[in-house]
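The chain contents come next:
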Amino acid sequence: MSQSLTIDIYSDVMCPWCLIGYGQLTKALAALEGEIAAEIRWRPFELNPQMPPEGEEQQAHLQRKYGRSAEQGAALRGQMKAIADSAGVSLSYEGEGEAPPAMMWNTRDCHKLLTFALEEAGPQVQTALKLALFRAHFNARKALNDRAVLLDIAASVGLHREAAKAALDDPALEARVIAEEQQAWDFNISGVPAMIVEGKFLIPGAQAPEVYVNALRRVAEKSRAAG
């Protein structure tokens, strides 16, 4: 019988490494099928909490924030795309016609919807929403600052549109998001993805599948021993 573990993933929708990390984790859990099962919950982390509502063009943002040239940015995107492909996920534009400019958006509303999804419908629907937001950002380059776009995405995974709309305007829900973001700092998480297994074991960064396999087996052994 599989041993069940909880995995809380601190992540931002703007973060390509978060999608890559999820792809690698999925491969690890497939390798552990019958041995370890995981309940995945997504926790909020804003890479750019001061991002203005109108967003910022990605290349300009990375140049301003990290001092990367256009050539360096292109090289890094190529490396990430190759790693993403090996992880079974896509960072490539898949829409029709010429790709619109890649943008960075303020993600507070995304995190509010994700928190709402977990509370309202559970971790599986929350993961479906997270993946839909990743697709909207990386593959469709949709404007995630647009609440109509976000509500369409929420409805696409089965969430009630009017309830999701109310959630976006709920100050108590926003307070919970802010509190969870603070909790990430309490865990000394300063970058994402960061996975907390069983509420106390941290796996930082996007790791190779075998790293996740070994880490999850160690946590499972410790949990059985504490048992």
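Residues numbered from 1 in each chain as written. Predicted model: local features only at pLDDT ≥ 70, side-chain atom pairs only at ≥ 80, totals over all residues. Heavy atoms only, no water.

Student: Before we move on, can you summarise the overall build of the protein with the specific residues and values?
Tutor: Check the secondary structure of the protein and you find nine helices and six strands. A compact globule built from 227 residues should have a C-alpha radius of gyration of about 17 Å, and the protein, at 18 Å, falls within 12% of that. Seen through its principal axes, the protein has C-alpha atoms that stretch 50 × 40 × 35 Å. Counting across all 227 residues of the protein, residues that qualify as buried make up 44%. When the accessible surface of the protein is split by element, carbon and sulfur atoms take 51% of a total near 11,200 Å². (Helix = DSSP H or I, 4+ residues; strand = E, 2+ residues; numbered from the N terminus. Rg over C-alpha atoms; globule rule 2.2 N^0.38 Å. Buried < 20%, exposed > 50% of the residue type's maximum accessible area, 1.4 Å probe, protein only. Areas by Shrake-Rupley, 256 points an atom, 1.4 Å probe, with all protein chains shown as cover.)

Student: Outline helix α2 (residues 58-66), supporting the account with residue identities and numerical values.
Tutor: Of all the positions in α2, only Gln58, His61 and Leu62 are classed as buried. Along α2, the residues classed as buried sweep out an arc of 95° about the axis, all on the same side. At its buried positions, α2 is contacted by β3 (56-57), α3 (70-87) and β4 (103-104). You can read the cap of α2 off the contacts: a side-chain oxygen lies 3.1 Å from the backbone nitrogen of Gln59, and it is on Glu57. Of the residues flanking the end of α2, it is Gly67, one or two places downstream, whose phi is positive at about 70°. (Arc of directions from axis to C-beta. Contact = heavy atoms within 4.5 Å. Polar contact = N/O pair within 3.5 Å; in protein donor to acceptor, adjacent residues only side chain to side chain.)

Student: Before we move on, could you go through the pairing of strand β1 (residues 3-11) and cite the residues and values that matter?
Tutor: With seven of its nine residues buried, β1 lies for the most part within the structure. As defined by bridge partners, β1 adjoins strand β2 (residues 36-44) across nine bridges and the pair is classed as parallel. Its bridge partner being in β2, Gln3 is matched across the sheet by Ile36. Between the parallel elements β1 and β2, the chain passes through helix α1 (residues 16-31) in a crossover that is right-handed. (Pairing = 2+ DSSP bridges. Right-handed = clockwise from strand over helix to strand, strands pointing away.)

Student: Hey, could you go over the environment of Glu57 for me, with residue numbers and the actual values?
Tutor: Structurally, the position occupied by Glu57 is in strand β3. Those residues in contact with Glu57, other than ones at most four positions away along the chain, are Pro101, Ala102 and Met103. Engagement of the side chain of Glu57 in a polar contact is seen with the backbone nitrogen of Gln59, the distance being 3.1 Å.

Student: Requested: an account of the sheet that holds β1, with residues and values cited.
Tutor: Pairing is mixed in the open sheet, where four strands are placed in the order β2-β1-β5-β6. Both outer strands of the open sheet, β2 and β6 (201-204), are each paired with one neighbouring strand and no more. When the angles between neighbouring strand axes are averaged without regard to direction, this sheet yields 25°. Note that strand β5 (residues 194-197) and β6 share four bridges and pair antiparallel. (Axes fitted to C-alpha atoms, helices over the stretch in contact; angles between N-to-C directions.)

Student: Tell me about the side chain of Asp12, and name the residues and values.
Tutor: With respect to the element layout, Asp12 can be found in the loop between β1 and α1. Here Asp12 is buried and forms no salt bridge, its nearest opposite-charge partner Lys130 lying at an N-O distance of 5.8 Å. One polar contact links the side chain of Asp12 to the main-chain amide nitrogen of Leu47, over a distance of 3.0 Å. Dropping the residues within four chain positions of it, Asp12 is found in contact with Cys18, Phe45, Glu46, Leu47, Asn48, Thr107, His111, Lys130, Phe134 and Val192. (Lys, Arg positive; Asp, Glu negative; His and termini not counted. Salt bridge = Lys/Arg side-chain N within 4 Å of Asp/Glu carboxyl O.)

Student: Break down the packing of α1 against α3 for me, with residues and values.
Tutor: Axis separation between α1 and α3 bottoms out at 8 Å; the angle between their running directions is 25°. Viewed along their axes, α1 and α3 adopt a mutual orientation that is roughly parallel. The crossing of α1 and α3 is left-handed. Two secondary-structure elements touch here, α1 through Pro16, Trp17, Ile20, Gly23, Gln24 and Lys27 and α3 through Met80, Ile83, Ala84, Ser86 and Ala87. (Parallel < 35°, antiparallel > 145°, perpendicular 65-115°, else oblique. Left-handed = near helix turned anticlockwise from the far one by under 90°.)

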